[in-house]
Amino acid sequence: MAIPGKAGDRRYSYLVHPPMAGRVKCGSRVVVPFGPGGRLLTGFVLSVGEGESPRASILPIADLIDEAPLIGDNLLELASWMSEVYFCSLGKALTVLFPGGSGARARLLAHACLAEGWREAAAGRSMDGRSGHDAGVNYGPRQAAVMERLREAGGILPVFSLMEDTGAAHASLASLARRGVLVIRKLPVDRDPFAGPNGPDALAALTDPAAAAPVVPAAPPPLNPAQQAAVDTVRRAMEGGGTGRGFLLHGVTGSGKTEVYLALVEEALRRGKSSIVLVPEISLTPQTVGRFRQRFGDLTAVIHSRLSPGERHDAWRRAGDGRAWVVVGTRSAVFAPVKRLGLIVLDEEHSPSYKQADEPRYHAAEVAIRRGVAEGATVLLGSATPSLESYYAAREGKLGLLALPARVGDLRMPPVSVVDMREELRSGNRAHTSRILQDALQETLAQGGQAILLLNRRGEASFLLCRRCGHVPRCPRCELSLTGHHGTQGRSLRCHFCGLRRGYPGRCPVCGSSHLRELGAGTQRIEGELRGFFPQAGILRLDSDSASGKWGHDRILREFAEGRAGILLGTQMVAKGLDFPGVTLVGILNADTSLHLPDFRASERTFQMIAQVSGRTGRAGEGKVILQTYNPDHYAVTLAASHDYETFYREESRIRGVMGFPPFSRLAALHISGPDEVMVSARAELLASRLREILPAGCDLLGPAPAPFHKLRGRYRWQIVLRGPDRETLVRACRRGLEMRDARGKSGVQSNRATRKTRNDTGETNPARAAAAPAGIRVTVDVDPVDLL
């Protein structure tokens, strides 16, 4: 048995008492006592067997969470692979296989059921509702109504529904139960994330009464030749059994990639196979889920982090027991325990959101490919701006390359006007919107069109400056400037990394001056400016501050889709995948926000952001893009403005080749952090020295050096970057450098009574932190990092 967070990869033995015999299986979650105090924890059963008489030191399992295991051997093997590749314990890897939380349970609801034999007893006899007489049994009026309603419903109904329908009280049901004609049972029921006053189904019903009816699958539209060619190619791979074949679908924005996904999911269903469809952002989930539910009805389940633990658990259960054959969700949905997996799709595959930031630091694309190979499923990566790694792999023949080079209906790509904001300032315009963008917005709104504006920074102001002494308030835990926010409860300063919130100072805390000035702009400030320029226009803001709640994104996007606002302003949430036919203008307020980050992927991120948000316009006719920048001659800006991915790929590949960065190498980043900067730097130097001694030929080491974000959440950060020809070589080098031990011990199994833990030389039980020194210093390993910040 594995217990998350306990002693790395150690396994523990527990006793299965006779009442649970035969019910506890591999993949089950159980509740077990742990440690001297007998604290109850959730554990994952890895094996069940019969042996000799158990030792007195072995404790029994306290409770069984899953009557039917949620995961099978295939996912257990996947978790084991993740623990090896991504430097985490097996217990930690197993936790991501349960997105509802390791302790989430099924929701049980009381149901009234006709007792066994009731139908035979009542056969050939009719109920007299007036006298309450049936089969020789006298009922009161309410009891008679209960029995009639149960028979109409097929013999089972939730108790609350039965009471509501018949007006019966609990006493009436209890009396019938005592007579043996019905039984009250607690049965599992699904928590429906689409229901409720704010769910997508309810919101749709407000404008379309038919939407409140059960979802009826819709017929697919015809595919164009390019779409059909892509579908046929993947279909042939599926006909060959899948064998884990991977494809990259490179299609320009508006080329109909989603219809290709839908057609292939339909093909998988025709073959009796299930599908998993991943999207990178929660903001994309409602629109994507809507299209898949429209096509496949209630065979579709949705999974993302804004759902409640219970809702995620129920979606997992629906996938596991074969009721949901199409799972749509964000990163963690790649682990959905679907039956007979046939297809995994990663839409917007270039997005860094597919990489998990904390343990286990997996990448959903790598996991999808690994799972596809193991289960014989086809993997399809799709993007208008593929990552250099994926496009390089396709050109090298490691992935099949599919192309959608034109928009559906032969619509042209929108023209992009590049505005040099330096010239705007010289001409006296100090607003954050250029004159050309203001004029374009005025024209768009006057013609009844809609506009999307992107600024990838939330809040009111980037920072607060004392104009007398130059003081800038900083987060004491992160040493980064605090961002100004304005809200219904007044103004505040917040840290976007650790969540610290402070009141807005009336005077400078250093010199006492009242001359404080907000500099820089976030989405809140731009929203205020826009309301000043266009007081009659409806303006919606989409960022993590405004889109709270399970379906917060959906509420905002639905309002925009229904034409209740002319301008949608947002962060990167508005840049990907959204499809609004009424949008004829896109404005990029500052294309440089990611361009100068100290990361080798900065140019690639900038190109992708510009290209993606530009693709939100002109999807049903003419559209245009206004791109504001202080670097109008940078190749990432000019090539994105001309929609030229191929030239960008060649130029960026040339630079990466000279630098020796991916896709021409693989990376592993070791992060050393702690509360004492001197000890952190000393530990980083010691670890780097050790790694240099054992690095194999073809590998090199960069650093150690302070991380660009040098202090976060009270911890100083240094990093070492290993570069090598393949992932396996880097993983072996990291393990040797960290001098890891097998946390499972010689026997491979540890008694749950053991109080002395087998640890490495530093006293750390987590293998990924095995080089950590005392005093709170720890080392983590990030294999294939998506940034070096």
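This text gives an overview of the structure that appears in the document. (Residues numbered from 1 in each chain as written. Predicted model: local features only at pLDDT ≥ 70, side-chain atom pairs only at ≥ 80, totals over all residues. Heavy atoms only, no water.)

A word on the pattern of salt bridges
Here the structure, examined in full by the defined rule, presents 36 salt bridges. In this structure, the salt-bridge partner of aspartate 700 is arginine 723, at a minimum N-O distance of 2.7 Å. Taken as a pair, aspartate 700 in strand S29 (residues 700-712) and arginine 723 in strand S30 (residues 715-724) lie far apart in primary sequence, 23 residues in all. Judged by its relative accessible area of 14%, arginine 723 is buried. Among the charged side chains, a network of salt bridges with common partners joins Asp232, Arg235, Glu239, Glu267, Arg270 and Arg271. (Salt bridge = Lys/Arg side-chain N within 4 Å of Asp/Glu carboxyl O. Helix = DSSP H or I, 4+ residues; strand = E, 2+ residues; numbered from the N terminus. Buried < 20%, exposed > 50% of the residue type's maximum accessible area, 1.4 Å probe, protein only.)

Here's the deal with the pairing of strand S18 (residues 450-454)
Within S18, 5 of the 5 residues are buried, leaving the element largely enclosed by the surrounding structure. In S18, alternate side chains face the same way, and those of Gln450, Ile452 and Leu454 on one face and Ala451 and Leu453 on the other are all buried. As paired strands, S18 and strand S25 (residues 567-570) are joined by 4 bridges and run parallel to one another. In the strand pairing of S25, leucine 453 is matched with leucine 569. (Pairing = 2+ DSSP bridges.)

What about the layout of surface pockets?
Counted as a void, the second largest pocket has a volume near 1000 Å³. Top element by residues in the lining of the second largest pocket is helix H12 (residues 364-375). It accounts for 5 residues. Across the lining of the second largest pocket, the residue classes break down as 17 nonpolar, 8 polar and 13 charged. (1 Å grid on protein atoms, 1.4 Å probe; cavity = no way out; pocket = protein on both sides within 12 Å on 5 of 7 lines; lining within 4 Å. Points joined across faces, edges and corners; volume = space filled by probe spheres on them. Nonpolar A, V, L, I, M, F, W, Y, C, P; charged D, E, K, R; others polar.)

With respect to the sheet that holds strand S4 (residues 63-64)
Across the sheet, 3 strands lie side by side as S3-S2-S4; this open sheet has antiparallel pairing. The sheet is open, and its two borders are formed by strand S3 (39-44) and S4, each paired with just one other strand. Bridge count for strand S2 (residues 29-34) against S3 is 6 bridges, and the pairing is antiparallel. Its bridge partner being in S3, arginine 29 is matched across the sheet by phenylalanine 44.

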